[in-house]
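# Tertiary structure, described
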Amino acid sequence: MGLLPIDPQADVGRRAWAACPSCDDAQGCTSCAERRNCREHWRYLLSNTGSLLHLQCPTCTHVWDHETGFGATRQHVQRPA
């Protein structure tokens, strides 16, 4: 399967910092290891519902949901493919 395009709703002004489960591009980054915001390893924040974030990695274009655990949490929500 080839790379997905960057989502048309992606906006560099809406970013999140979470490890990409696909490419792990932040491995070895001191800022990321210290859980600080990094200039290089951010993710597009496509949308959110409470604490559930819908993210896209600008490096490998992988799209996934990430539960932050902040605020009201919920059981994992399945998104249609």
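Look up: the structure comes first, before these words.
A brief report on the enclosed structure follows. This one's a predicted model, so the numbers in the text were calculated from it and none came from an experiment. Residue indices begin from 1 for each chain and proceed along its sequence in written order. Side-chain atom pairs in this predicted model are given and counted only at pLDDT of 80 or more, local residue features only at pLDDT of at least 70, and totals for whole chains, interfaces and linings cover all residues. Side-chain calculation: all heavy atoms of the structure are included, whereas hydrogens and water are not.

## Some remarks on the nonpolar core
In terms of nonpolar packing, the biggest core is built from nine residues, these being Ala16, Ala18, Cys20, Leu45, Leu53, Leu55, Cys57, Cys60 and Trp64. Throughout, a residue-residue contact means that at least one pair of heavy atoms, one from each residue, lies within 4.5 Å. Leave out the neighbours within four places in its chain, and Trp64 touches Ala18, Ala19, Cys20, Pro21, Arg43, Leu53, His54, Leu55, Gln56 and Cys57. In plain words, nonpolar cores are sets of buried Ala, Val, Leu, Ile, Met, Phe, Trp, Tyr and Cys residues tied together by side-chain atoms within 4.5 Å. Classification of residues uses two cut-offs on accessible area relative to the type maximum, computed with a 1.4 Å probe and protein chains only: under 20% is buried, over 50% is exposed, and between them is partly exposed.

## A word on the pattern of salt bridges
A carboxyl oxygen of Asp or Glu within 4 Å of a side-chain nitrogen of Lys or Arg is what we treat as a salt bridge. Tallied over the entire structure, the rule returns two salt bridges. In this structure, the salt-bridge partner of Asp25 is Arg43, at a minimum N-O distance of 2.8 Å. You can see Asp25 sitting in the loop between β1 (15-16) and α1 (30-33) and its partner Arg43 sitting in strand β2 (residues 43-49), a full 18 residues away along the chain. Judged by relative accessible area, which is 21%, Asp25 ranks as partly exposed. The exposure class assigned to Arg43 is buried, which follows from its relative accessible area of 1%. Arg36 is the partner of Glu34 in a salt bridge, and the nearest nitrogen-oxygen pair spans 2.9 Å. Glu34 gets classed as partly exposed once you look at its relative accessible area, which sits at 48%. Under the relative-accessibility criterion, Arg36 is labelled partly exposed at 43%. Secondary structure follows DSSP: runs of H or I at least 4 residues long count as helices, runs of E at least 2 residues long count as strands, and numbering of each begins at the N terminus.

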